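Structure assessment
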Amino acid sequence: QIHTEMKPLSLWEPKREIRRVLSSKISQSEVMDRHMSGQGEPLVVSGATANWPARQWTIENLAARYGSDQVIVNDKAPLCEWDEPEMQTLGLTLAEYASYARGETVKKLSTQRECKWYLNSWTPFAQHPEMLDEWTYPAFVQDDLKHDPNEKPPPPCVVDYSKVFLGVAGCTTRLHFDSLGTHAWLAQLQGQKQFILFAPQDAERLRLFDWEERAGNSHYQGMRRALDFTHGNLPDPIAYPNLRRAIPFVTILNPGDIILIPRGWWHFALCLDSCVTLMRNFANQTNASHFRSALTRANEANDRSKPTLLSKKLVLPVDLLG
């Protein structure tokens, strides 16, 4: 299967380009005040990964280093309870995924359903702690969950909240907001990826219901039959009569860019070509109460979607304990 480069999706007006700045021109205090406090506002920072060895993380290079790793791929991400047909999930090695990305036939991925396979749940840092030495926490972000690099083995606060996404052209992350009340940043290491975001107050215009908002977890409980850009088409205005009142925030992430997504912001992503992205969820005083209460509920409910939170109890930093 040849993975042809994608064109960015076109959206309705008015839309807003996400603010973009150089890492040398932004301070942590400005990011806290303007982009993470209250509702917040997304931000793209260029140049923040200039000194990262992780800039060499391409699909091919990672497969050369860790090709025998067993990984999971999906044809839809994240999981949505209303999917029909249901999401397909398959296991293979990282080397096999690299073959797929090159357009070679991989028997395990040959199904009757035409789709793009997305490796969107690789959490390699417990098995390969040396990878943690190849990136640093961005200076413009206050991350109260960050770990001490001298701590061995790596603690849950880095292992459970950091992922690497690998995808081919056409892979998508469906519209959702991140769980546990966390903020997120995503660093683009290979390829280009389009991001489309919506502010929390636009939720009802994306055809959500009150009970889904209260559930607080978009991709497990919420967004039933809601907006989906997966097929590259804008939704039917009759089915979604309020959608044009929602304002999309858009950007294309290039290698070396980091996008900051505040708590509660809905986001969709599209790989325009072969992509590698490092994702980090985090918390600080701007979302501490939301993170603390969500984590407590997850543990009390024995939430099986986050098993590592239960098997390795997270010790919250003093700033988050309140």
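These numbers come from a predicted model, not from an experiment.

Examining the packing of aromatic side chains
According to the stated counting rule, one finds 12 aromatic pairs in the structure shown. A ring pair is formed by Trp 12 and Phe 198, whose centres lie 6.1 Å apart and whose planes are at 20°; its orientation type is stacked. One end of the pair, Trp 12, is in the segment before strand 1 (16–17); the other, Phe 198, is in strand 10 (residues 193–198), with 186 residues separating them in the sequence. Here Trp 12 and Phe 198 have matching classes, each one buried. Measuring from ring centre to ring centre gives 5.5 Å for Tyr 97 and Tyr 100, while their planes differ by 50°; the resulting arrangement is tilted.

Examining helix 3 (residues 94–101)
Across the eight residues of helix 3, six count as buried, placing the element largely inside the fold. When helix 3 is considered as a whole, its buried residues turn out to be Leu 94, Tyr 97, Ala 98, Ser 99, Tyr 100 and Ala 101. Those residues of helix 3 hidden inside the fold are in contact with helix 2 (59–66), strand 4 (70–74), strand 5 (89–93), strand 6 (119–122) and strand 7 (162–167). Gly 103, located one to two residues past helix 3, shows a positive phi value of around 90°.

Considering the pattern of salt bridges
This structure, assessed with the given rule, holds 10 salt bridges. With a closest N to O distance of 3.7 Å, Arg 16 and Glu 41 form a salt bridge. A residue pair is termed long-range when its members are at least 10 positions apart, and Arg 16 in strand 1 and Glu 41 in the loop between helix 1 (28–36) and strand 3 (43–46) qualify at 25 residues. Judged by relative accessible area, Arg 16 falls into the partly exposed class, the value being 41%. By relative accessible area, which is 18% here, Glu 41 ends up buried. Residues joined by salt bridges that share partners form a network here, namely Glu 60, Arg 102 and Glu 104.

Brief notes about the confidence of the model for the chain
Keep in mind that low pLDDT regions are not for reading the predicted coordinates in detail. Averaged over all residues, the pLDDT of the chain is 85; the fraction at 70 or higher stands at 81%. Predicted confidence is poor over residues 208–224, with pLDDT under 50, and the contacts of this stretch with residues over four places away or in other chains come to 39 contacts. Below a pLDDT of 50 lies the segment residues 303–315, which in the model reaches 22 contacts outside its immediate sequence neighbourhood of four places, other chains included.

Thresholds applied
- Residues numbered from 1 in each chain as written.
- Predicted model: local features only at pLDDT ≥ 70, side-chain atom pairs only at ≥ 80, totals over all residues.
- Heavy atoms only, no water.
- Phe/Tyr/Trp six-rings, centres within 6.5 Å; stacked < 30°, edge-to-face > 60°.
- Helix = DSSP H or I, 4+ residues; strand = E, 2+ residues; numbered from the N terminus.
- Buried < 20%, exposed > 50% of the residue type's maximum accessible area, 1.4 Å probe, protein only.
- Contact = heavy atoms within 4.5 Å.
- Salt bridge = Lys/Arg side-chain N within 4 Å of Asp/Glu carboxyl O.
- pLDDT = per-residue confidence, 0-100.

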